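A look at the structure
The chain contents come next:
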Amino acid sequence: MKNNEQTSHLSGFRILIGLIVGIIAGAVLKNSLDIETLKSIMTNITAPVGNAFLRSLFMVVVPLVLCSLAVGVAQLGSVEHLGRLGRKLATFYVCTTFIAVIIGQLLVLTIEPGKGVDQTFIETAKVNFSEQTSSLVSKSEGVKTSLWPGMVEKVIPKNIIQEMADTNMLAIIFVGILIGVTLLNLKNAAAQTTIQVLHTISDSMIMIIGWVMKLAPFAVGCLMFNAVVQFDISIIGNVAQYFGVVVLGYIIHFCVTYSLITKYIVKLPLRYFYKNASPIFITSFSTSSSNATLPTTIGTLQKNFGVPERITTFCAPLGATINMDGTALFEIVAALFIAQVFGVHLSPADHLTLVVLVIVTSVGVAGVPGGSIPLLMSAMATVGIPPEGIALILGVDRLLDMGRTVLNTTGDSLASLYLSRVEKVPLEDFIPKVENS
Ligand code: ASP
């Protein structure tokens, strides 16, 4: 166990170093090299390395979720047990997401970042992002029906292979749970063999991720390098207050809500949690994708916290798909900011509708970079906020996406730890003596 601890700390630390080196190299070279040389570095080195890393993470997600969820459910022992855990998990998800939304709502209504945004900036942003905005508007129009009754089609697949090819996580989760339940009921030898086979596939995926993560310090450095070189810091200037409110919300939820949950619900020392979960934070920050972080989340929870496999394999895939605190917090701030900029008056009923919509849409958001934008636009349109207003915030969204993905994956990790407590897993036995003192 001690060795595991040391290896995991080491890997978190090395990725962090990669992240810092990438940021510094990007900032320094951006100002000292000409644009052609920078482009050539990105095209030939940093983009392919970063891309190889991201693709390798995505490569294992679909088989990992399908197999691990089926095994996780099959190992729960009974359908009643599954139902009990499912209810507890759903309550945890809804409560934490609701808290995140309220934090965002209070901040944006008190600070009012949308008041006094420069009119020329609004016009320029509309023109600059017009192409992106119009394609997002048509995407978001499809979202309206996809919530209901379209949700039926998103969850129950006509062709599971097609859904797997499209990485439709809700359908994959549905089928994974169904297979798990059937294996739970078919208590024969063939079912046991099938569980073992699925288990082996899921273990192989985790092993592949172990290898991929060895590259993480370089890959994360490359991803950060690209992000810094491509990001125009001056763009924040016009929406600095909005940016500040979102980041403040992230910090409050991360440091206050999650610390309280860690200390009083999960009952683990704060330093121990934040230190051991660092590979999850860094991977999600650099990839901006809950899905790409999923294998790291599962591995870290098992290796660094001693969460049993039957819990990680059940909780983490569900969380990566439907539990998105950071996304919900960002969505409410963005929607209300745009309403303030355009002077849209929202009645108390509209505010309530928006809170509900933001929580519901965060469930349907794909765990990929920028996955929330079309759903956010659809929620805005429902309460009369112009969805085209998204143009104002698209410029800074790449950066904010990193932060919200960290919150999303941290919430998922805490949900797995919470369920371990519910299942009476002695998590403290895994804490090294020095942390406990
Ligand atoms: N990037 C987020 C995630 O993967 C989704 C989003 O809010 O856009 O968790």
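Quick note: structure is the one above.
Below: a short report on this structure. (Residues numbered from 1 in each chain as written. Predicted model: local features only at pLDDT ≥ 70, side-chain atom pairs only at ≥ 80, totals over all residues. Heavy atoms only, no water.)

A few words on the overall build of the protein. A count of helices and strands for the protein gives 20 helices and zero strands. Relative to the 2.2 N^0.38 estimate, which gives 22 Å for 437 residues, the radius of gyration of the protein is 22 Å and therefore close to what a compact globule would have. C-alpha atoms of the protein, sized along the principal axes, occupy 70 × 50 × 45 Å. When the 437 residues of the protein are sorted by exposure, 55% land in the buried category. For the protein, the proportion of contacts with a sequence separation of at least 24, taken over those separated by at least 6, is 85%. If you sum the accessible surface of the protein, you get close to 18800 Å²; carbon and sulfur atoms cover 67% of it. (Helix = DSSP H or I, 4+ residues; strand = E, 2+ residues; numbered from the N terminus. Rg over C-alpha atoms; globule rule 2.2 N^0.38 Å. Buried < 20%, exposed > 50% of the residue type's maximum accessible area, 1.4 Å probe, protein only. Contact = heavy atoms within 4.5 Å. Areas by Shrake-Rupley, 256 points an atom, 1.4 Å probe, with all protein chains shown as cover.)

The next point concerns a positive patch on the surface. Taken together, the side chains of Arg84, Arg87, Lys88 and Lys424 make up a positively charged region of the molecular surface. With respect to the helices and strands, the residue arginine 87 is situated in helix α3 (residues 79–111). (Patch = residues over 30% accessible without salt bridge, like charges linked within 9 Å, V, L, I, M, F, W, Y side chains within 5 Å. Salt bridge = Lys/Arg side-chain N within 4 Å of Asp/Glu carboxyl O. Lys, Arg positive; Asp, Glu negative; His and termini not counted. Charge placed at Lys NZ, Arg CZ, Asp CG, Glu CD.)

Below, the discussion takes up the packing of aromatic side chains. Throughout the structure, instances matching the rule amount to 10 aromatic pairs. Centre to centre, the rings of phenylalanine 273 and tyrosine 274 are 5.1 Å apart; their planes meet at 70 degrees, and the pair counts as edge-to-face. Each member of the pair phenylalanine 273 and tyrosine 274 is classed as buried. The interplanar angle of 70 degrees and the centroid separation of 6.4 Å between the aromatic rings of phenylalanine 273 and phenylalanine 281 together place this pair among those described as edge-to-face. Pair check on accessibility: phenylalanine 273 and phenylalanine 281 agree, each one buried. Through pairs of rings, three or more aromatic residues link up here, namely Phe254, Tyr258, Tyr272, Phe273, Tyr274, Phe281 and Phe305. The positively charged end of arginine 404 is found above the aromatic ring belonging to phenylalanine 330, 3.9 Å away from the centroid. (Phe/Tyr/Trp six-rings, centres within 6.5 Å; stacked < 30°, edge-to-face > 60°. Lys NZ or Arg CZ within 6 Å of the ring centre and 35° of its normal.)

The next point concerns the side chain of serine 202. Position of serine 202 relative to the elements: it lies in helix α9 (residues 189–214). In this view, serine 202 contacts Leu64, Cys67 and Ser68; residues no more than four positions away in its chain are not counted.

To continue, consider the pattern of salt bridges. Counted by the stated rule, this structure contains five salt bridges. Arginine 404 is paired through a salt bridge with aspartate 397; the nearest N and O atoms lie 3.0 Å apart. Exposure remark for aspartate 397: the relative accessible area of 6% places this residue in the buried category. With a closest N to O distance of 2.7 Å, glutamate 428 and arginine 421 form a salt bridge. With relative accessibility at 34%, the residue glutamate 428 sits in the partly exposed group. Its relative accessible area of 19% is what places arginine 421 among the buried residues. What you see here is one network of salt bridges that share partners, running through Asp397, Asp401 and Arg404.

This brings us to unusual backbone geometry. The general pattern is negative phi for most residues beyond glycine and trans for most peptide bonds. The phi dihedral of glutamate 112 is positive, around 50 degrees, even though this residue is not glycine. Residue position: glutamate 112 is located in the loop between α3 and α4 (119–128). Among the residues examined, glutamate 112 registers a relative accessible area of 31% and is labelled partly exposed. In this model, lysine 424 sits at a positive phi of 60 degrees, which is unusual for a non-glycine residue. By the element assignment, lysine 424 lies in the loop between α19 (391–422) and α20 (433–436). Relative accessible area serves as the criterion here: at 73%, lysine 424 is assigned to the exposed category.

Further remarks concern a nonpolar patch on the surface. A cluster of nonpolar residues, Leu16, Ile20, Ile24 and Val28, forms a patch on the protein surface that exposes about 330 Å² of accessible area. Here isoleucine 20 is to be found in helix α1 (residues 2–32).

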